[in-house]
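Observations on the model geometry
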Amino acid sequence: MDLRIFTEPQQGATYDTLLTVAKATEDLGFDAFFRSDHYLSMGSADGLPGPTDAWITLAGLARETKRIRLGTLMTAGTFRLPGVLAIQVAQVDQMSGGRVELGLGAGWFEDEHKAYGIPFPKEKFARLEEQLEIVTGLWSTEVGKTFSHDGKHYQLTDSPALPKPAQPKVPVLIGGHGAKRTPRLAAQYADEFNIPFASVEDSERQFGRVRAAAEQAGRKGGDLVYSSALVVCVGKDDAEVARRAAFIGRDVDELKANGLAGSPAEVVDKIGRYQEIGASRIYLQCLDLSDLDHLELISSQVQSQLS
């Protein structure tokens, strides 16, 4: 079971804070550091000192880390033109020595688009499908040849399809709860399917839909990596769990029901239930980025039991 650290910097974090967490992620033996792609805080968080851009952040981390994988859950398709995104991700992959993964979604948070003057189209899913075709098409085009795309939303003519990523294939992550279109899109383009903040039962149902869609598309259901993203709140004792839950404004019982919360033994047991339904990777949503002791506890008491 791979454990990855997943951050939400729009809630309030500087680049230096993210660098500190990424280095701890690497030093403590976690598999990867991922971040969200948002420009506006959510809930009661003030978001100070302001948003950081996902791919600028990952470019910096690419040069300041050595081992961990780096990526997004999920890059918002509404934020970037697909040709530009292909260039950005390829460059960061080169900068990291081939450690980047691209989670790409349609974009959903209308308020942040209004706040920063970003168009919020009605037909987001159709755009996402074209974006995936373009980004993967640009990367897979042989050097010396060109790539063209004549779609409803995007047109590319004789693109040199450069630069290329360092990896032969950048892993593409697609995720979500949609029952029909999302599994179909994952079956066509994804190396990994991720379901965020879902119960074991709902995750099992969605994994089954993706496996079936993959087989209908001529792939094996097991060709994809299946993963979950869950908020994490671990403590050595009940008091520590309660303190960490209070700091992020959550109720302990709610966290135990909907996330990974409690003692290390409780969390290991809950992760085991996700493993039983086919998840081989968990993204641990860490909401208090100042609490490095939390990461150390997860590494020493949870990850060590899953290795």
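Refer to the structure printed above.
Throughout what follows, the structure given in this document is the object of discussion. (Residues numbered from 1 in each chain as written. Predicted model: local features only at pLDDT ≥ 70, side-chain atom pairs only at ≥ 80, totals over all residues. Heavy atoms only, no water.)

So, the packing of helix α5 (residues 124–140) against helix α6 (residues 181–189)
At a closest axis distance of 11 Å, the pairing of α5 and α6 adopts a crossing angle of 5°. By the angle between their directions, the pair α5 and α6 is classed as roughly parallel. From α5, Phe125, Leu128, Glu129, Leu132, Glu133 and Thr136 reach across to α6, where they touch Arg181, Thr182, Arg184, Leu185, Gln188 and Tyr189. Taken together, the residues that form the contact of α5 with α6 break down as five nonpolar, three polar and four charged. (Axes fitted to C-alpha atoms, helices over the stretch in contact; angles between N-to-C directions. Helix = DSSP H or I, 4+ residues; strand = E, 2+ residues; numbered from the N terminus. Parallel < 35°, antiparallel > 145°, perpendicular 65-115°, else oblique. Contact = heavy atoms within 4.5 Å. Nonpolar A, V, L, I, M, F, W, Y, C, P; charged D, E, K, R; others polar.)

Points about the environment of Ala45
Along the chain, Ala45 falls in the loop between β2 (32–35) and α2 (54–64). Placed 35 residues apart in sequence, Ala45 and Gln10 show a C-alpha to C-alpha distance of 8.9 Å.

So, the packing of aromatic side chains
Two measures describe an aromatic ring pair: the distance that separates the ring centres and the angle between the ring planes. Here the structure, examined in full by the defined rule, presents six aromatic pairs. Ring centres 6.4 Å apart and planes at 85° place the aromatic pair Phe193 and Phe207 in the edge-to-face group. Placement of Phe193 in strand β9 (residues 192–196) and of Phe207 in helix α7 (residues 200–216) is noted, with a sequence separation of 14 residues between them. Each member of the pair, Phe193 together with Phe207, is buried. (Phe/Tyr/Trp six-rings, centres within 6.5 Å; stacked < 30°, edge-to-face > 60°. Buried < 20%, exposed > 50% of the residue type's maximum accessible area, 1.4 Å probe, protein only.)

Some words on the pattern of salt bridges
Considering all chains together, one arrives at 20 salt bridges under this definition. In this structure, Asp37 engages Arg80 in a salt bridge whose closest nitrogen and oxygen atoms are separated by 2.7 Å. With a gap of 43 residues between them, Asp37 in the loop between β2 and α2 and Arg80 in the loop between β4 (75–76) and α3 (82–96) connect regions that are remote in the sequence. Relative accessible area serves as the criterion here: at 1%, Asp37 is assigned to the buried category. A residue is classified by how much of its surface remains accessible, and Arg80, at 10% relative accessible area, is buried. Here Lys236 makes a salt bridge to Glu240, at a shortest N to O gap of 2.9 Å. (Salt bridge = Lys/Arg side-chain N within 4 Å of Asp/Glu carboxyl O.)

Comments concerning helix α8 (residues 238–247)
If you check which residues of α8 are buried, you get Glu240, Val241, Arg244 and Ala245. The buried residues of α8 occupy one face: seen down the axis, they fall within an arc of 135°. Facing away from the buried side of α8 by more than 90 degrees, the exposed set consists of Asp238, Ala239, Ala246 and Phe247. Summarising the contacts, the buried residues of α8 are in contact with β10 (225–234), α9 (252–258), β11 (260–262) and α11 (292–306). Immediately beyond the C-terminal end of α8, within one or two residues, lies Gly249, with a positive phi of roughly 70°. (Arc of directions from axis to C-beta.)

Concerning unusual backbone geometry
Of note, the bond from Leu48 into Pro49 is cis; its omega dihedral lies within 30 degrees of zero at 10°. For Pro49, the position within the fold is in the loop between β2 and α2. With an omega dihedral of 0°, the bond running from Leu162 to Pro163 counts as a cis peptide bond. In this fold, Pro163 is placed in the loop between β7 (155–159) and β8 (172–175). Phi is positive for Asp158, close to 50°, though the residue is something other than glycine. With respect to the helices and strands, Asp158 occurs in strand β7. Residue class for Asp158 comes out exposed when judged on its relative accessible area of 52%. Residues other than glycine seldom take positive phi values, yet Ala161 does so here, at roughly 55°. Inspection of the secondary structure puts Ala161 in the loop between β7 and β8. For Ala161, a relative accessible area of 3% corresponds to the buried category.

Focus: the environment of Pro165
Along the chain, Pro165 turns up in the loop between β7 and β8. Considering only alpha carbons, one finds Pro165 and Gly98, 67 residues apart in sequence, at a separation of 7.2 Å. When sequence neighbours within four positions are dropped, the list of residues in contact with Pro165 reads Ala90, Asp93, Gln94, Trp139 and Val170.

Some thoughts on α6
Looking at α6, one finds that the buried residues are Thr182, Pro183, Leu185, Ala186, Ala187 and Tyr189. Tucked inside the fold, the buried residues of α6 contact α5, β8, β9 and α7.

Comments concerning the side chain of Ser203
Tracing the chain through its elements places Ser203 in helix α7. Assessed through its relative accessible area of 0%, Ser203 is described here as buried. Apart from residues lying up to four places away in sequence, Ser203 is in contact with Ile195, Ala198, Ser228, Tyr274 and Ile277.

Quick look at the pairing of strand β3 (residues 69–72)
Residues Arg69 and Gly71 of β3 are buried on one face, and the alternating residues Leu70 and Thr72, pointing to the opposite face, are buried as well. Here four bridges tie β2 to β3, and the two strands are oriented parallel to one another. Bridged to Arg35 within β3 is Thr72. The pairing of β3 with strand β5 (residues 100–105) spans two bridges and is classified as parallel. Paired with Gly71 across the two strands is Glu101, which belongs to β5. (Pairing = 2+ DSSP bridges.)

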